[in-house]
Amino acid sequence: QGNEAEVAAFSVPSYACQRRTTLENHNTVLTDALSLLAENAELSEEDGRGVAFRRAAAVLKALPKPVASMTQLRGLPCLGEHSLRVIKDILENGASSEVESTKQSERYKALKVLTGIFGVGARTADRWIRDGIHNLRQLQDSGPTLNRAQQAGLEHYDDLNQPVSKSDADAIGEVVEKAVVSVLPGAHMTLIGGFRRGKLTGHDVDFLITHPEEGREVGLMPKLVSWLESQGFLLYQKTTRNSYLESKDGPARPASNMDRFERCFSIFKLTKEEKRGTKHPETLTENGAQTPDNGGLDLDLDLDQTKPAGHKPWRAVRVDLVVSPISQFAFALLGWTGSKLFERELRRWAGHEKSMSLSSHALYDNRQSKYLRATSEEEIFAHLGLEFVPPSERNA
Ligand code: DCP
Ligand code: MG
């Protein structure tokens, strides 16, 4: 009867936001393969295909056991012909020929290395590749014009392609917290993104900042950035004003709220002292769990000419800061906790199943023609008719 249990079909709801997806994944070989194809599609600006592979991978992440045979997948949502072919190939042959050939392809390798530069997206990378630039050396040699973000990205390439540990995130959190309360007493800060979902490493650290009194957060971001800059913590920063009015993912809100939602993309200088100062002492977790595959290209270029690589007493870390008015805090918290697919699925659920528009600012009910207020994530899930899913189970 053990055999019967093994071939029993799996069953999961069709939207990722209806499922509980922890970090415990019983099908990493399959989900890594599908994620690679998703990434390749995204890098080729084929977003539709990218989402299809992401959804397929997310369904497999939600399964309680490893997939042993194709028959178990019958009836599962989001598994298209293409994804099923990849899964079958791996179950039968141990690997997918398409995934293997993608990994080996010069185009994929070049796209990975070039988009590994902060500030370089798929479109820029594609243009460079068409100009014969496939790696960092060729980029330096042919010297296309780089914007300020890309220059900083290139300068800190190695650091920014190292996974960030939870203890690094905590150390940075202490500095940002100190900055926040000294520029605006009473303001508070929350760790968002992957670390809020319980991930042990990330590609960056994300923080959401608000003040319990509506309106007091106005002007906070420039002060915060000045404080951090004056203390020498920022290697790069670019602050963007709220773009909510222009955003397409939700109806416009009153113009009076217009510039209250700001974001700062930065490169943070994390020093040894800050690491030591943390309440959570540095544990030896730097076993490269997430070290990106740079396609075997030479990354030992001495791009950071100040010190020999690996011997400087600090590292560069991507940090994103978001400021939200308290009235939008729950929406911002939900919208910035991720995962990206979980967010996308929440919005799809809202639109397709509830005729509502969800953004990181608000929830609009098209049937009642009104905004639905919420002061907690729990209330937003309730408005959407969904069971509450805690952050640690949003790892779709
Ligand atoms: N997000 C968003 N809109 C953006 C960027 C991000 O809604 N333009 C949300 C979804 C993400 C979260 O914010 O889950 C954080 O973005 P990250 O890219 O930092 O993703 P994670 O923190 O989930 O992963 P990582 O560990 O790679 O940083
Ligand atoms: Mg993040």
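None of the values given here were measured: they were computed from a predicted structure. (Residues numbered from 1 in each chain as written. Chains lettered and ligands numbered in written order. Predicted model: local features only at pLDDT ≥ 70, side-chain atom pairs only at ≥ 80, totals over all residues. Heavy atoms only, no water.)

1. Brief notes about the environment of Leu 114
- Among the secondary structure elements, Leu 114 is positioned in helix H6 (residues 106-115).
- Relative accessible area serves as the criterion here: at 0%, Leu 114 is assigned to the buried category.
- Placed 21 residues apart in sequence, Leu 114 and Asn 135 show a C-alpha to C-alpha distance of 6.7 Å.
- Among residues more than four places away in sequence, those in contact with Leu 114 are Val 120, Ala 125, Trp 128, Ile 129, Ile 133 and Asn 135. (Helix = DSSP H or I, 4+ residues; strand = E, 2+ residues; numbered from the N terminus. Buried < 20%, exposed > 50% of the residue type's maximum accessible area, 1.4 Å probe, protein only. Contact = heavy atoms within 4.5 Å.)

2. Concerning the sheet that holds strand E8 (residues 356-358)
- Strand order in the open sheet made by the three strands is E8-E9-E10, with antiparallel pairing throughout. Each edge of the open sheet carries a strand with a single partner, namely E8 and strand E10 (370-371).
- In the sheet, strand E9 (residues 363-365) pairs with E10 via two bridges, with the strands oriented antiparallel. What sits directly across from Tyr 364, in E10, is Tyr 371. (Pairing = 2+ DSSP bridges.)

3. Focus on the pairing of strand E7 (residues 314-323)
- Burial of E7 is extensive: 10 of the 10 residues sit out of reach of the surface.
- Burial along E7 is two-sided: the residues Trp 314, Ala 316, Arg 318, Asp 320 and Val 322 and Arg 315, Val 317, Val 319, Leu 321 and Val 323 are all buried.
- The pairing of strand E4 (residues 205-210) with E7 spans five bridges and is classified as parallel. Along E7, the bridge assignment pairs Phe 207 with Leu 321.
- Relative to E7, strand E6 (residues 262-271) runs antiparallel, the two being bridged by 10 bridges. Directly across from Glu 262, in E7, lies its bridge partner Val 323.

4. Digging into the coordination of the magnesium ion (ligand 2)
- Bound to the magnesium ion (ligand 2) on the protein side are Asp 204 (OD) and Asp 206 (OD), at distances that span 2.0 to 2.2 Å. Here Asp 204 and Asp 206 have matching classes, each one buried. (Donors = N, O, S within 2.8 Å, 3.2 Å for Na, K, Ca; no water.)

5. Some words on the packing of aromatic side chains
- For the structure shown, the criterion picks out five aromatic pairs.
- Seen from their ring centres, Phe 118 and Tyr 236 are 5.5 Å apart, and the 75° between their planes marks the pair as edge-to-face. Of the two residues, Phe 118 sits in the loop between H6 and helix H7 (122-130) while Tyr 236 sits in strand E5 (residues 234-240), which places them 118 residues apart along the sequence. For the residue pair Phe 118 and Tyr 236, the accessibility class agrees, reading buried in each case.
- Note on Phe 233 and Phe 268: the rings are 5.4 Å apart at their centroids and 15° apart in plane angle, and the pair reads as stacked. (Phe/Tyr/Trp six-rings, centres within 6.5 Å; stacked < 30°, edge-to-face > 60°.)

6. Let's talk about the nonpolar core
- The biggest cluster of nonpolar side chains holds 39 residues, and the ones touching the most others in it are Leu 34, Leu 60, Leu 63, Leu 73, Leu 76 and Ile 117.
- Of all the secondary-structure elements, those providing two or more residues to this core are helix H2 (28-43), helix H3 (47-61), helix H4 (81-93), H6, H7 and helix H8 (136-142).
- Those residues in contact with Leu 60, other than ones at most four positions away along the chain, are Asn 25, Asn 27, Leu 30, Thr 31, Leu 34, Val 67, Leu 73 and Ile 87.
- Of all hydrophobic cores here, the second largest spans 31 residues; its members include Val 176, Val 183, Ile 209 and Leu 228. (Core = buried A, V, L, I, M, F, W, Y, C linked by side-chain atoms within 4.5 Å.)

7. As for unusual backbone geometry
- Geometrically, the link from Gly 338 to Ser 339 is a cis peptide bond, its omega value of -5° lying close to zero.
- On the secondary structure map, Ser 339 appears in the loop between helix H15 (329-337) and helix H16 (340-354).
- Non-glycine residue Cys 78 carries a positive phi angle of around 65°.
- Turning to its location among the elements, Cys 78 is positioned in the loop between H3 and H4.
- Of note in this structure, Ser 355 is not a glycine but carries a positive phi near 50°.
- Its place among the elements puts Ser 355 in the loop between H16 and E8.
- The class of Ser 355 is partly exposed, set by a relative accessible area of 23%.

Remember, this is a structural readout, not a statement about activity or role.
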